[in-house]
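Descriptive structure summary
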Amino acid sequence: MSLRIVVCVKYVPDATGDRRFTEDLTTDREAVDGLLSELDEYAVEQALQIAGDADDAEVTVLTVGPEDANDALRKALSMGADKAVHVEDDDLHGTDALGTSLVLAKAIEKTGYDLVICGMASTDGAMGVIPAMLAERLAVPQVTLLSEVAVADGRVTGRRDGDAATEQLEAALPAVVSVTDQSGEARYPSFKGIMAAKKKPVESLDLDDLGLEAEQVGLEGAWTKVDEAVERPARTAGEIVTDEGEGGKQLAEFLAAQKFI
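For clarity, every value in this text was computed on a predicted model and none was experimentally measured. (Residues numbered from 1 in each chain as written. Predicted model: local features only at pLDDT ≥ 70, side-chain atom pairs only at ≥ 80, totals over all residues. Heavy atoms only, no water.)

The next thing to look at is the state of the cysteines. Tallied over the entire structure, the rule returns 0 disulfides. In this structure cysteine 8 is not part of a disulfide, and its nearest cysteine sulfur, from cysteine 118, lies 4.2 Å away. Judged by its relative accessible area of 6%, cysteine 8 falls in the buried class. On the basis of relative accessibility, which here comes to 4%, the residue cysteine 118 falls in the buried class. (Disulfide = S-S within 2.5 Å. Buried < 20%, exposed > 50% of the residue type's maximum accessible area, 1.4 Å probe, protein only.)

Turning next to a nonpolar patch on the surface. Taken together, Leu251, Phe254, Phe260 and Ile261 make up a surface patch of nonpolar side chains, about 480 Å² in accessible area. Considering the arrangement of structural elements, one finds phenylalanine 260 in the segment after α8 (247-257). Residue phenylalanine 260 is classed as exposed on the basis of its relative accessible area of 60%. (Patch = residues over 30% accessible without salt bridge, like charges linked within 9 Å, V, L, I, M, F, W, Y side chains within 5 Å. Areas by Shrake-Rupley, 256 points an atom, 1.4 Å probe, with all protein chains shown as cover. Salt bridge = Lys/Arg side-chain N within 4 Å of Asp/Glu carboxyl O. Helix = DSSP H or I, 4+ residues; strand = E, 2+ residues; numbered from the N terminus.)

So, on to the side chain of glutamate 41. Tracing the chain through its elements places glutamate 41 in helix α1 (residues 38-53). On the accessibility criterion, glutamate 41 (17% relative accessible area) is buried. In this view, glutamate 41 contacts Leu36, Lys75, Met79 and Ala186; residues no more than four positions away in its chain are not counted. (Contact = heavy atoms within 4.5 Å.)

The next subject is the nonpolar core. Core analysis: the biggest nonpolar cluster contains 37 residues, and Ile5, Val7, Val44, Val59, Val61, Ile117 and Val156 have the highest contact counts within it. Those elements that provide at least two residues to this core are β1 (3-8), α1, β4 (57-64), α2 (70-79), β6 (115-119), β7 (142-146) and β11 (175-179). For this core, the element with the most residues is α1, which contributes 8 residues. Apart from the residues lying within four places of it in its own chain, the contact partners of valine 7 are Ala43, Val44, Ala47, Val59, Thr60, Val61, Leu62 and Ile117. By size, the runner-up hydrophobic cluster in this structure holds 25 residues, among which are Val85, Leu92, Leu104 and Leu210. (Core = buried A, V, L, I, M, F, W, Y, C linked by side-chain atoms within 4.5 Å.)

Trans peptide bonds make up most of the peptide bonds, and negative phi angles are found at most residues other than glycine. The omega torsion across leucine 173 and proline 174 is 0°, close enough to zero to call that bond cis. Among the structural elements, proline 174 can be located in the loop between β10 (166-172) and β11. Not every positive phi belongs to a glycine, and alanine 126 is a case in point at roughly 55°. Looking at the secondary structure, you find alanine 126 in the loop between β6 and α4 (130-138). On the basis of relative accessibility, which here comes to 52%, the residue alanine 126 falls in the exposed class. Unlike most non-glycine residues, alanine 139 shows phi in positive territory, near 60°. Among the secondary structure elements, alanine 139 is positioned in the loop between α4 and β7.

Encoded structure:
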C-alpha cells in the first residue's frame, strides 16, 4: 500500500518587504510579495526524502490561503511533490491558528494520509502550534521539532535536539511530525521540475467541500485577534560619545538605561 504523505505549507509575505496591517488589523498580503515559507521548504524536503526511500509513496502539499497561495504550491510541486490541495474561501480571511488547524485537519481527512509533515513554524505568525493542534484534531501521535526523521515498518522515528539533551522519538503511523531548519537543506527546483509542476494536479476546496460553516473560521470565529497595532517609529541618528576616559562608564550607563544589563 502506498505511503501517503501530506505536507502542510503556507504562503507568507516576504520578510524582506514592508509588511503592514490592513484596517481590520489582519496582514496586508496585497502590499508585499508572497512566497512559500522557508521553514516549510524543509518539510517538503523531508517528505521527498522519505518518499524516495519508500517502495511506494505519494507526496501531497496542502495550503490554506488566497488565490496567490497557489504559487507556494507550485514551488513545492517543482521541488518534486506529486500533487497539491488548495483550500480557498473568502470566509477564511482573518482565520487564527485554531481555525487554520480545523480547516487543515478536515482537508487532510478528505485527502487521506499516513504521515503529516509540517515546518516548525511559519515565518510570519511564528507561533509553531499548528502541528500539535493538528495531531489533537486528527487524534494521532505527534513527534515534533525533529532535526532528523525517517519512516520504516509502519513507524516514524526522529531526533529532537534540545539545549541540554538530544531525544530519540518514535510513533506508530498515522502521525503528525514537524521538522526544524536543521533537518537538511531544501533542494532547488530544477528546470525539469518547474516544467513538470505545470502539469501536476492541484485540487481546489472551499468550506462547503470540508463541511465547515463560515462562523467557525475567519475573524468571526477567531479565538485570538489583534486589538491594536502601532507602527514602528522611524530610526533616528545614534548618539556619538567621544571617549575621554569615561567611555566605558557611559556605555554601561546607556545599556543600563535601556535595561540591557
